[in-house]
Amino acid sequence: MPLRRQEQVVATGSGLRRRVGRLAGLGALAVLTTVVLSGCSIDKAFSFGWPVDGITDRSRKMYDLWVGSVVAALVVGVFVWGLIFWCVIRYRKRGDELPPQTRYNLPIELLYSVVPFLIISVLFYYTAIVQTAVDKQPANPDVTVDVIAAKWDWEFSYRDSPGADKKPVTTIGTVDYIPVLVVPTHKTIRFAEQSQDVIHSFWVPELLFKRDVFPGNVKNSFVVTIEKEGAYVGRCAELCGVYHSQMNFELRAVTFDEYQRFIAAKQKGMSTPDALREAGDANPYATTTKPWNTDRTSRTAS
Ligand SMILES: [Cu+2]
């Protein structure tokens, strides 16, 4: 039996509602899936792209600045998008009559000139605070390591730990040996940089920090306290020549006890792998990267 007109309208209306409901459900599911699957954990999903695996006392400060800035940008964004959509709907074209034209609205012009400056000032204020904290160097750090860069390897010299020859003990990389830079956790470490040729850049991704290594009189340095033991790859982050991409090292963060045993072994004249073994480390060689293949007769990658 055919439906009457009123019944047809009701039937079409509920069908439309169901379809809109289903679409809204799918939309919400898509947003949720994107948020949850874009990171491997909830922690990562809400870090807005910032690496959450920083290992120093300064990582958390930088993370907070990033998340705070993104949230502030989102609040401004949602407000502006709201205004745009409101204008589009509220003032949509209703006929051919020209709407009233408004010019020279001084209060509004002042508002949209002053508010961005306020936003920039707040961002600048927090950025300056975090930058100062990240750059802060105590007068007497617990350990000072001289980082000497040269095409295309690294040398690490423990300034306060003289060996038998009264010179600081060192670890130096070679073509077939990745230098392992051993440092203690929970101690302030100062890296004093110096280059023997061109500009390099000392970079351990997990420090969330890199600083250029200059030749000549510019002696850059920075201080960190590493809070997590482990082996972390280190790289040169400034294009310095043909084998720049092979200029790697390994940062090995160990307990202070192990660090002391390592330094004592080095002071006895041992090589870095032997000293690491003596200190009780099962992996005396780099585990995060490997020496580069110097064989130029083969085209296959090592
Ligand atoms: Cu370099």
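See the structure above.
Below is a short write-up of the structure.

About the criteria used
- Residues numbered from 1 in each chain as written.
- Predicted model: local features only at pLDDT ≥ 70, side-chain atom pairs only at ≥ 80, totals over all residues.
- Heavy atoms only, no water.
- Phe/Tyr/Trp six-rings, centres within 6.5 Å; stacked < 30°, edge-to-face > 60°.
- Buried < 20%, exposed > 50% of the residue type's maximum accessible area, 1.4 Å probe, protein only.
- Donors = N, O, S within 2.8 Å, 3.2 Å for Na, K, Ca; no water.
- Tetrahedral: all angles 85-135°; square planar, octahedral: opposite > 155°, others 65-115°.
- Helix = DSSP H or I, 4+ residues; strand = E, 2+ residues; numbered from the N terminus.
- Pairing = 2+ DSSP bridges.
- Contact = heavy atoms within 4.5 Å.
- Salt bridge = Lys/Arg side-chain N within 4 Å of Asp/Glu carboxyl O.
- Axes fitted to C-alpha atoms, helices over the stretch in contact; angles between N-to-C directions.

Some words on the packing of aromatic side chains
Part 1 of the reasoning: Counted by the stated rule, this structure contains 17 aromatic pairs.
Part 2 of the reasoning: Between Trp86 and Tyr91, the ring centres sit 5.7 Å apart and the planes meet at 85°, which makes this aromatic pair edge-to-face.
Part 3 of the reasoning: Overall, Trp86 belongs to the partly exposed group, its relative accessible area being 46%.
Part 4 of the reasoning: By relative accessible area, which is 53% here, Tyr91 ends up exposed.
Part 5 of the reasoning: With centroids separated by 6.2 Å and ring planes inclined at 50°, the aromatic side chains of Tyr158 and Tyr259 adopt a geometry described as tilted.

Thoughts on the coordination of the copper ion
Part 1 of the reasoning: Looking at the copper ion, the protein donor atoms are His200 (ND1), Cys236 (SG), Cys240 (SG) and Met247 (SD), and they sit 2.1 to 2.7 Å from it.
Part 2 of the reasoning: Taken together, the four donor atoms coordinating the copper ion and their angles of 88 to 124° define a geometry best described as tetrahedral.
Part 3 of the reasoning: Counting along the primary sequence, the residues that act as donors to the copper ion give the motif H-x35-C-x3-C-x6-M. With His200 in strand 6 (residues 200-204) and Cys240 in the loop between strand 9 (230-236) and strand 10 (249-254), the pair connects residues that are 40 residues apart, well separated along the chain.
Part 4 of the reasoning: Since its relative accessible area comes to 0%, His200 is described here as buried.
Part 5 of the reasoning: For Cys240, a relative accessible area of 7% puts it in the buried group.

Section: the pairing of strand 9
Part 1 of the reasoning: Both strand 6 and strand 9 contribute to a ladder of two bridges, which runs antiparallel. Looking at the pairing, Trp203 lines up with Arg235 of strand 9.
Part 2 of the reasoning: Where strand 9 and strand 10 come together, five bridges link them in antiparallel fashion. When the sheet's bridge partners are listed, Gly234 is paired in strand 10 with Phe249.

Brief notes about the environment of Glu258
Part 1 of the reasoning: For Glu258, the position within the fold is in helix 5 (residues 256-267).
Part 2 of the reasoning: C-alpha separation for the pair Glu258 and Gly280, spaced 22 residues apart in sequence, amounts to 7.3 Å.
Part 3 of the reasoning: In this structure, Glu258 is in contact with Leu276, Ala279 and Asp281, ignoring residues within four places of it in sequence.

Section: the pattern of salt bridges
Part 1 of the reasoning: Counted under the stated rule, the structure contains eight salt bridges.
Part 2 of the reasoning: A salt bridge links Arg252 to Asp281; the nearest nitrogen and oxygen atoms lie 3.0 Å apart. Of this pair, Arg252 sits in strand 10 while Asp281 sits in the segment after helix 6 (272-278), and the two are 29 residues apart along the sequence.
Part 3 of the reasoning: Residue class for Arg252 comes out buried when judged on its relative accessible area of 5%.
Part 4 of the reasoning: Look at Asp281 and you get buried, because its relative accessible area is 14%.
Part 5 of the reasoning: Salt bridges sharing common partners tie together Glu250, Arg252 and Asp281.

Description of the sheet that holds strand 4 (residues 180-184)
Part 1 of the reasoning: Read from one edge of the open sheet, five strands run 4-10-9-6-7, paired in mixed fashion. The open sheet is flanked by strand 4 and strand 7 (209-213), the only strands paired with a single partner. Looking at each pair of strands side by side, their axes are set apart by 25° on average, direction ignored.
Part 2 of the reasoning: Those strands touched by helix 5 are strand 4 and strand 10, and its axis lies near 130° from that of strand 4.

Observations regarding the pairing of strand 5 (residues 188-195)
Part 1 of the reasoning: Most of strand 5 sits inside the fold, with six of its eight residues counted as buried.
Part 2 of the reasoning: Pairing geometry for strand 1 (residues 143-150) and strand 5, over seven bridges, is parallel. Residue pairing for strand 5: Val145 is matched across the bridge by Phe191.
Part 3 of the reasoning: Across five bridges, the pairing between strand 5 and strand 8 (residues 221-225) is antiparallel. If you follow Ala192 over to strand 8, its bridge partner there is Ser221.

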